[in-house]
Amino acid sequence: MSIDIHDQRLLIVDFGSQYTQLIARRVREVGVYCEIHPYDAPAAFIAEFRPRGVILSGGPETVTNTDTPRIPQAVFDLGVPILGICYGMQAMAEQLGGKVQASDVHEFGHALVEIESDSEFLGMINDGEGGELSVWMSHGDKVVEAPSEFRVTAKTESAPIAAMEWTSRRYFGVQFHPEVTHTQQGSDILKRFARDICGCEGLWTAASIVEDAIAKIRETVGAEKVVLGLSGGVDSSVVAALLSRAIGDQLTCVFVDNGLLRKNEREEVERNFAPTNALSLNLVTVAAEDEFLDKLAGVEDPEAKRKIIGNTFIDVFDREAHRIEGVSWLAQGTIYPDVIESAATQHGKAHVIKSHHNVGGLPKRMHLKLVEPLRELFKDEVRKIGLHLGLPRELVYRHPFPGPGLGVRILGQVSRIQADVLREADAIFLEELKAANLYDTVSQAFAVYLPVKSVGVVGDARRYADVIALRAVETVDFMTARSAHLPYDFIERVANRIINEIQGVSRVVYDVSSKPPATIEWE
Ligand code: XMP
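Every value quoted in this text rests on a predicted model; they were computed, and no experiment measured them.

Asks: What is the right way to read the sheet that holds strand β7 (residues 151–155) from this model?
Replies: Within a sheet, adjacent strands bond to each other through the backbone by hydrogen bonds, running parallel or antiparallel. With mixed pairing, the nine strands of this open sheet are ordered in space as β2-β1-β3-β4-β9-β8-β7-β5-β6. Of all strands in the sheet, those bounded by a partner on one side alone are β2 (33–38) and β6 (131–145). Each neighbouring strand pair of the sheet contributes to a mean axis angle of 20°, computed without reference to strand direction. Inspection of the sheet shows strand β1 (residues 9–14) paired to β2 by six bridges, in the parallel sense. In the strand pairing of β2, arginine 9 is matched with tyrosine 33. Across the sheet, helix α1 (residues 20–29) is in contact with β1, β2, β3 (53–56) and β4 (82–85); its angle to β2 comes to roughly 165°.

Asks: Sorry if this is basic, but what is going on with the pattern of salt bridges here?
Replies: Close approach of charged atoms allows side chains of opposite charge to pair. Under the definition given, this model contains 35 salt bridges. Here glutamate 29 ties to arginine 26 by a salt bridge, and the two come within 3.2 Å at their closest N and O atoms. Here glutamate 29 pairs with arginine 26, and both are found in helix α1, just three residues apart, close to one helical turn. When its relative accessible area of 12% is taken as the criterion, arginine 26 is described as buried. Glutamate 381 serves as the salt-bridge partner of arginine 28, at 2.7 Å between the closest nitrogen and oxygen. Here glutamate 381 lies in helix α14 (residues 379–388) and arginine 28 lies in helix α1, a separation of 353 residues in the sequence. In this structure, arginine 28 and glutamate 381 share a single accessibility class: buried. Put simply, Glu431, Glu432, Arg493, Arg497 and Glu501 are held in one network by salt bridges that share partners.

Asks: Looking at this structure, I do not really get the packing of helix α8 (residues 234–247) against α14. What am I missing?
Replies: What describes two packed helices is the angle between their axes and the distance between those same axes. Contact geometry for α8 and α14: axes closest at 10 Å, N-to-C directions at 45°. The angle between α8 and α14 places the two elements in the oblique class. Considering the relative orientation of α8 and α14, their crossing is left-handed. Judged by residue contacts, Val234, Asp235, Val238, Leu242 and Arg245 of α8 engage Lys379, Val382, Arg383, Ile385, Gly386 and His388 from α14.

Asks: Help me understand the domain arrangement of the chain in this model?
Replies: How big an interface is tends to be reported as the loss of accessible area on association of its parts. Each assigned domain of the chain is listed with its residue range as follows: domain 1 (9–197), domain 2 (206–396) and domain 3 (415–510). Put simply, the middle of domain 1 and the middle of domain 3, counted by C-alpha atoms, are 46 Å apart.

Asks: What exactly am I supposed to notice about the confidence of the model for the chain here?
Replies: Detailed reading of predicted coordinates is not advised where the pLDDT is low. Chain-level statistics for the chain give a pLDDT mean of 93 and a share of 96% at 70 or above. Counting interchain partners and residues more than four positions distant, the pLDDT-below-50 stretch residues 350–355 has six contacts.

Asks: What exactly am I supposed to notice about the sheet that holds strand β11 (residues 251–257) here?
Replies: Strands sit in the order β12-β11-β10-β13-β14 across an open sheet of five strands; the sheet is parallel. Each of the sheet's edge strands pairs with one partner strand only, and the pair in question is β12 (282–287) and β14 (369–371). Averaged over all neighbouring strand pairs, the angle between strand axes comes to 30°, with direction disregarded. Strands β10 (225–229), β11 and β13 (327–331) of the sheet are contacted by α8, whose axis makes an angle of about 165° with β10. Each of β11 and β12 touches helix α9 (residues 265–272); the most contacted strand, β12, lies at about 165° to it.

Asks: What's the story with the packing of aromatic side chains in this structure? I'm lost.
Replies: The geometry of two aromatic rings is summed up by the distance between their centres and the angle between their planes. Taken as a whole, this structure holds 13 aromatic pairs when the rule is applied. Each ring, one from phenylalanine 76 and one from tyrosine 171, has its centre 5.9 Å from the other, and the planes form 50°; the classification is tilted. Of this pair, phenylalanine 76 sits in helix α3 (residues 73–77) while tyrosine 171 sits in strand β9 (residues 171–174), and the two are 95 residues apart along the sequence. Among the aromatic residues, ring-to-ring pairing joins Phe76, Phe150, Trp166 and Tyr171 into one connected group. One cation-aromatic arrangement involves arginine 9 over phenylalanine 49; the distance from NZ or CZ to the ring centre is 4.2 Å. The ring of tyrosine 439 carries the charged tip of lysine 434 above its face, separated from the ring centre by 4.8 Å.

Asks: What's the story with helix α4 (residues 87–95) in this structure? I'm lost.
Replies: For an α-helix the count is 3.6 residues per turn, leaving residues at separations of three or four pointing the same way. In terms of residue burial, α4 counts as a mostly covered element, since seven of its nine residues are buried. Residues Tyr87, Gly88, Met89, Gln90, Ala91, Met92 and Ala93 constitute the buried set of α4. In this structure, the buried residues of α4 make contact with β3, β4, β5 (99–115), β6, β8 (163–166) and β9. Within two residues after α4, glycine 97 carries a phi angle of roughly 110°, on the positive side.

Asks: Honestly, the nonpolar core in this entry has me stumped. Any pointers?
Replies: Across soluble globular proteins, nonpolar side chains have a tendency to be buried as a group. Core analysis: the biggest nonpolar cluster contains 52 residues, and Val227, Phe429, Leu433, Ile468, Leu470, Leu486 and Ile498 have the highest contact counts within it. Looking at which element gives the most residues to this core, the answer is helix α16 (residues 416–435), with eight residues. Structurally, this core is a two-domain feature, drawing no fewer than three residues from each of domain 2 (206–396) and domain 3 (415–510). Excluding anything up to four places from it in sequence, leucine 486 contacts Phe429, Leu433, Leu438, Val442, Ala472, Ile491 and Tyr510. Within the second largest apolar cluster, 42 residues are counted, among which are Tyr33, Trp204, Ala241 and Ala246.

Asks: What should I look at first to understand the pairing of β7 in this one?
Replies: Consecutive residues of a regular strand have side chains that alternate between opposite faces of the sheet. Where β5 and β7 come together, two bridges link them in antiparallel fashion. Each bridged residue has a counterpart across the sheet, and for glutamate 114 the counterpart in β7 is lysine 155. With three bridges joining them, β7 and β8 adopt antiparallel strand pairing. Bridge assignment links alanine 154 to a residue of β8, and that residue is alanine 163.

Calculation rules
- Residues numbered from 1 in each chain as written.
- Predicted model: local features only at pLDDT ≥ 70, side-chain atom pairs only at ≥ 80, totals over all residues.
- Heavy atoms only, no water.
- Pairing = 2+ DSSP bridges.
- Helix = DSSP H or I, 4+ residues; strand = E, 2+ residues; numbered from the N terminus.
- Axes fitted to C-alpha atoms, helices over the stretch in contact; angles between N-to-C directions.
- Contact = heavy atoms within 4.5 Å.
- Salt bridge = Lys/Arg side-chain N within 4 Å of Asp/Glu carboxyl O.
- Buried < 20%, exposed > 50% of the residue type's maximum accessible area, 1.4 Å probe, protein only.
- Parallel < 35°, antiparallel > 145°, perpendicular 65-115°, else oblique.
- Left-handed = near helix turned anticlockwise from the far one by under 90°.
- Domains from an automatic or database assignment.
- pLDDT = per-residue confidence, 0-100.
- Phe/Tyr/Trp six-rings, centres within 6.5 Å; stacked < 30°, edge-to-face > 60°.
- Lys NZ or Arg CZ within 6 Å of the ring centre and 35° of its normal.
- Core = buried A, V, L, I, M, F, W, Y, C linked by side-chain atoms within 4.5 Å.

The following block contains the structure:
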């Protein structure tokens, strides 16, 4: 029997840090499976989870108050190595007999720590020499007295106890954030914990994730039929490729052309998922442009447009799925951050509330069983297995495209003529970005249709026509973003092409707003 790749795993106890997911992603990157659970997870759950080690995240609270989160006793009872990061280290110090105080200096950003070369945990940095390490700090409190069993293994100018360890118990604490890329050798530090100290072998690889997912899908759906809404985006494409490997033509993918897609998008999906391309699946394309555009006619409000597009998609998809005989499963591209986020919402702890659940109503309405093969994966892992499954790089690394598509990029009322104009403008922008090798340097780039008449001169005549805005942003998480500093001559070239090649555009502008206060999309 093969080894279960989830067997050697770590538990990440979440105290609410903005970096908790980063910790998990970095641990997975070093080949170790881990899950994030809240600090108040039930003791029985923690015991049954049987991790090989625990990482305590940072968090926004202070342990100098008595009613703030603490490390559950069940974690100590596991008898496995523990690594406390920032708040996690402070809680460990406080609960095991040390002292934590509010610091006069709030340390935020880069800091230099001095690491003892004989530290069991950190001694391997700088090739075993110890010494200075440039790290990322973000804290107000600090440990001023380590519990008696711990020795101090690192200090900074303002935090005399920047790392501590109790070697015989294998308890470690770091005040800085090894999960943040600004921390030098941060990944080595997490690897040291997950692989060497907790003894996990690195079973979590693209190949093993795919193998495991295929086995699970086969076990779950058996010989029954599955339907999947294929959008052409990364997540649904990877689900399609996985299911196709696992169950072949028991799978039917439904691709809905809502009239609000980008140029050539439909053709690309049809090409990428043609049965000849080493995939075996049934692909149904539904040409529903009229249905969507008719329903949108005369509607101005962005949220109303989103609702109409979302509901129409459900109608069309449901209708199409009912044409397939004997379908019992609906596949969805839900990924791990969605799972964590919806768990946090249920617990009333969500910091972030998204209103982008495009097809949220689908499973309920359809009375189908749900299969979600990406539920435990982060986006970067989805991309890795997408490549492993042979999907084109262009598809796997394409920018996100919102469910309502061009519907929220044509301000106000949407018409087919405007959609056609915007499609052309957008295609020119993306084509030029790719030609100039700029596409991968920005996180998202697109054109927006502004229905404001602006004057232009063509030949000797005045012409009043609409405006195209170009938007390109750099962002890590799409929650905050800054406008991309694209070269001026590049923007000018794109603008010239758009104005000259497309009738009905008199002017092109570049959006330099940051998010916040602006958003990435214009609606
Ligand atoms: P905003 O405009 O909120 O966008 O700054 C953040 C990210 O979300 C995408 N977005 C959407 N995605 N349905 C989606 O699937 C939507 O209604 C929607 N609105 C915005 C946006 O493209 C960006 O990546």
